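# Structure assessment
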Amino acid sequence: MKVSFIGLGTMGYPMAGHVSKAGHDVTVYNRSSQKAQTWCEQYSGTSAPTPALAAQAADIVLTCVGNDDDLRAVYLGDDGAFQNAQKGTMFIDHTTASAEVAKELAQAAHERGFLFMDAPVSGGQAGAENGVLTVMIGGEQSDLDKAQPVLDCYAKATTLMGPVGNGQLTKMVNQILIGGVLSGLSEGIRFAQKANLDIATLVDTLKYGAAGSWQLENRGETMAKDEFDFGFAIEWMHKDLSLCLTQAEKMGITLPLTEAVDQDYQDLIQEGRGRQDTSVLVKAFDKKA
């Protein structure tokens, strides 16, 4: 297929690489043209100077950018991807954004004769690099069937969650759960250290029981060592949790644990830790202990 990938950040760069390595004809666009040039030197593909030119001959256009405003710019702007695309082009957005912007873009796509799915991902940088992401999709099954060969280039699981917007709502649940798990893990790790338990043995023991989780297995030991220089940056987690809290307010519910975790992340960002990964939440616990 002719595939365009817009947004070569931490996630998009390796995802686009997997599509290229699978043999698809890939065109990339990135706001920083140097990043696109570097990608082209590493993988087989070409770069385009605008989203519009990147999308003009594509069968499938994949996007992975920062937030709602970025999405509106790359899709609906004067040089946006919707400007030059051919009727029938499929657009798949991997950005973690609001359900509202997903529906807005889907409506704009359908008015122009395009297909659209919101498809946020989970698995972090390692999942993107290893091609084993989990993709949560809002859209039509027939569209997913057409896109499956491309999605399989970088995903281990793709699940249709319902109509457009449901992919983003599912990702919100994912982020709420991560925040809650990390909050408990922060307390548990510090408790274990105070009790002079061996953390490596603790993790190896508990990961097979009811307390087991990806966070425990992959971050338990590094949290104990105060190592936070990998994974998903908390400045992005704060953005995601803000989406969750805004959506919850619209639905008339409160998320007290998520509110507390998000406030902790905001405090950590103020300390200059914005680029450290989400497991740095343990440092917020240290201030309260």
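Our structure's up above, just so we're on the same page.
Summarised in this report is the structure supplied together with it. (Residues numbered from 1 in each chain as written. Predicted model: local features only at pLDDT ≥ 70, side-chain atom pairs only at ≥ 80, totals over all residues. Heavy atoms only, no water.)

## Regarding the pairing of strand E2 (residues 25–29)
Our working rule: Note on classification: 1.4 Å probe, protein chains only; a residue is buried when its accessible area is under 20% of the maximum for its type, exposed when over 50%, partly exposed between these limits. Strands here mean DSSP runs of E at least two residues long; helices mean DSSP runs of H or I at least four residues long; both are numbered from the N terminus. Pairing between strands requires that DSSP locate at least two bridges from one strand to the other. The definition of a right-handed crossover adopted here requires that, viewed with the strands pointing away, the path from the first strand over the helix to the second runs clockwise.
For E2, the buried fraction is high: 4 of the 5 residues fall into the buried class. Pairing of strand E1 (residues 2–6) with E2, which is carried by 5 bridges, proceeds in the parallel orientation. In the strand pairing of E2, Ser-4 is matched with Thr-27. Viewed along the sheet, the connection from E1 through helix H1 (residues 12–21) into E2 turns out right-handed. Pairing analysis gives 2 bridges linking E2 to strand E3 (residues 46–47), with the strands arranged parallel. The residue bridging Thr-27 from the neighbouring strand is Thr-46, located in E3. For the handedness criterion, the β-α-β arrangement of E2, helix H2 (residues 33–42) and E3 is classed as right-handed.

## Here we look at the pattern of salt bridges
We count it as follows: Salt-bridge detection follows one rule: a side-chain nitrogen of Lys or Arg within 4 Å of a carboxyl oxygen of Asp or Glu.
On inspection of all chains with the given rule, the structure shows 16 salt bridges. The partner of Asp-204 in a salt bridge is Lys-207, and the shortest N-O contact between them spans 3.1 Å. For Lys-207, a relative accessible area of 23% gives the class partly exposed. Where Asp-264 meets Lys-288, a salt bridge forms, and the shortest distance between an N and an O atom there is 2.8 Å. With Asp-264 in helix H12 (residues 256–270) and Lys-288 in helix H13 (residues 281–288), this pair connects stretches of sequence that are 24 residues apart. In this structure Lys-288 comes out as exposed when scored by relative accessible area, which is 55%.

## Quick notes on the environment of Gly-184
Here Gly-184 lies in helix H8 (residues 166–194). Exposure remark for Gly-184: the relative accessible area of 43% places this residue in the partly exposed category. Sequence separation of Gly-184 and Phe-285 is 101 residues, and the distance between their C-alpha atoms is 10.0 Å.

## Concerning unusual backbone geometry
The phi torsion at Asn-196 lies on the positive side, around 65 degrees, for a residue other than glycine. In this fold, Asn-196 is placed in the loop between H8 and helix H9 (199–206). You will see that Asp-226, though not glycine, has its phi angle at about 55 degrees, which is positive. Residue placement: Asp-226 occurs in the loop between helix H10 (214–224) and helix H11 (234–251). Its relative accessible area of 37% is what places Asp-226 among the partly exposed residues.

## Describing the sheet that holds strand E7 (residues 121–122)
Note on sheets: strands pair through backbone hydrogen bonds, and any given pair is parallel or antiparallel. What counts here: Note on contacts: a residue pair qualifies if any of its non-hydrogen atoms lie within 4.5 Å across the two residues. Geometry is summarised by axes, namely lines fitted to C-alpha atoms with helices restricted to the contacting stretch, and by angles between N-to-C directions that run from 0 to 180 degrees.
Across the sheet, which stays open at both edges, the 3 strands sit in the order E7-E8-E9 with mixed pairing between neighbours. The strands lining the two open edges of the sheet, one partner per strand, are E7 and strand E9 (155–160). The pairing of strand E8 (residues 133–137) with E9 spans 5 bridges and is parallel. Note on E9: the bridge partner recorded for Met-136 is Thr-159. Packing against the sheet, helix H7 (residues 141–151) makes contact with E8 and E9, and its axis sits at approximately 175 degrees to E9.

Function cannot be read off these values alone, since they describe shape.
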